[in-house]
Amino acid sequence: KIQKLQSNMSFGLSSGGMFGMVNNDGMEVLAGLGLLGSFDVRDYIFQMNVEFYAGAYSEFYDLQISALYPFTDRNNTPFVIAGIGYNYLETTNDEGLEDEIGNATSTAKPNEFYNGLMFSGGGGYLLKRNSNVHIQIYGKGYISSYPIRKTTPFGAIVGVALLFGS
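A. A nonpolar patch on the surface, seen in detail. Taken together, the side chains of Met-27, Met-48, Val-50, Leu-63, Ile-65, Ile-84, Tyr-86, Leu-117, Phe-119, Ile-143 and Phe-154 define a hydrophobic patch exposed on the protein surface, amounting to about 1000 Å² of accessible area. Contributions of two or more residues to the nonpolar patch are made by strand S3 (45-54), strand S4 (58-70), strand S5 (77-91) and strand S6 (112-127). Looking at the element boundaries, Tyr-86 is found in strand S5.

Structure below.
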């Protein structure tokens, strides 16, 4: 069981992968890093994070606030998470870089820019919650509020966060 009686704050780094429908071509995999602040009030954990993900054709920036609900009051416990964030997405539109038989052309189209709200939900596992250093392992699905070429972006994010605090 958790020994602490007061709430605590911690800060940390995250690393993960984003699997998303960001182009009409299909899925793209992006690798990312983030910074997060966490406020544990025993029954809930509130977080704010800034994340950056990059892939071959896209860059994704996100500022998100989330609430975690731990299932038990133990030191190691599973949790559910829900969040809302504002994000910015830049996609490379390289459809004009090759002709039908694969020859390079110089008719590349400009990059496209999108931004708006993103909603996410998922779950994970907390390790060493009452320690000065603890770990969150998580996975969450997301859907964005804006269309990209008539398609609403959606996908999944998986990652691990290392937090330091009192």
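Alright, that's what it looks like, and here's the rest.
B. Region of the structure containing empty space enclosed by the protein. Under the definition given, this model contains four cavities of 30 Å³ or more. Looking at the largest cavity, it is lined by 13 residues, and the ones nearest its centre are Gln-47, Asn-49, Gln-136, Tyr-138 and Lys-140. If you list the elements that add at least two residues to the lining of the largest cavity, you get S3, S4, S5 and strand S7 (133-144). Among the residues making up the lining of the largest cavity, the classes are represented as six nonpolar, five polar and two charged.

C. Fine view of the pattern of salt bridges. Applying the stated criterion across every chain yields a total of one salt bridge. Arg-129 is paired through a salt bridge with Asp-40; the nearest N and O atoms lie 2.8 Å apart. Linking Arg-129 in the loop between S6 and S7 with Asp-40 in strand S2 (residues 26-40), this pair joins segments that are 89 residues apart in sequence. There is no split in this pair, since Arg-129 and Asp-40 are both buried.

D. Highlighting the nonpolar core. With 20 residues, the main nonpolar core has Met-18, Tyr-53, Phe-60, Phe-79, Leu-89, Tyr-146 and Ile-157 as its most contacted residues. At the level of secondary structure, the elements contributing two or more residues to this core comprise S2, S3, S4, S5, S6, S7 and strand S8 (154-165). Not counting residues within four places of it along the chain, the set of residues in contact with Met-18 comprises Glu-28, Val-29, Leu-30, Tyr-53, Phe-60, Tyr-142, Ala-156 and Ile-157.

E. Up close: the confidence of the model for the protein chain. Within the protein chain, residue pLDDT values average 85, and 82% of them lie at 70 or more. Per-element averaging of pLDDT across the protein chain places strand S1 (residues 8-23) at the bottom with 86 and S3 at the top with 96.

Reading guide: rules and limits
- Numbering of residues starts from 1 in each chain and follows the order in which that chain's sequence is written.
- In view of the model being predicted, local features appear only for residues whose pLDDT reaches at least 70, and side-chain atom pairs are presented and counted only at 80 or more, with totals across whole chains, interfaces and linings using the full set of residues.
- Remark: hydrogens and water are excluded; side-chain values derive from all non-hydrogen atoms of the structure.
- Patch criteria: residues need more than 30% relative accessible area and no salt bridge. Like-charged residues are merged within 9 Å; nonpolar side chains of Val, Leu, Ile, Met, Phe, Trp and Tyr are merged within 5 Å.
- We get accessible surface area from the Shrake-Rupley algorithm with a probe of 1.4 Å; when it comes to residues, only the shown protein chains can shield them.
- Salt bridges are defined as contacts in which a side-chain nitrogen from Lys or Arg sits within 4 Å of a carboxyl oxygen from Asp or Glu.
- Under the DSSP-based scheme used, a helix requires at least four consecutive residues in state H or I and a strand at least two consecutive residues in state E, with every element numbered from the N terminus.
- Each cavity reported here is a set of points on a 1 Å grid over the protein atoms alone in which a 1.4 Å probe fits but cannot get out, each pocket an open set with protein on both sides within 12 Å along at least five of seven lines, and each lining residue one with an atom within 4 Å of a point.
- Grid points are joined across faces, edges and corners, and a volume is the space filled by probe spheres set on the points.
- Basically, the charged four are Asp, Glu, Lys and Arg, the nonpolar ten are Ala, Val, Leu, Ile, Met, Phe, Trp, Tyr, Cys and Pro, and anything else, Gly included, counts as polar.
- Relative accessibility thresholds used throughout: buried, under 20% of the residue-type maximum; exposed, over 50%; partly exposed, between the two (1.4 Å probe, protein chains only).
- For our purposes a nonpolar core is just a set of buried Ala, Val, Leu, Ile, Met, Phe, Trp, Tyr and Cys residues, chained together by side-chain atoms within 4.5 Å.
- Pairs of residues are marked as contacts when any of their non-hydrogen atoms sit within 4.5 Å.
- Confidence of the predictor at the level of single residues is captured by pLDDT, which takes values from 0 to 100.

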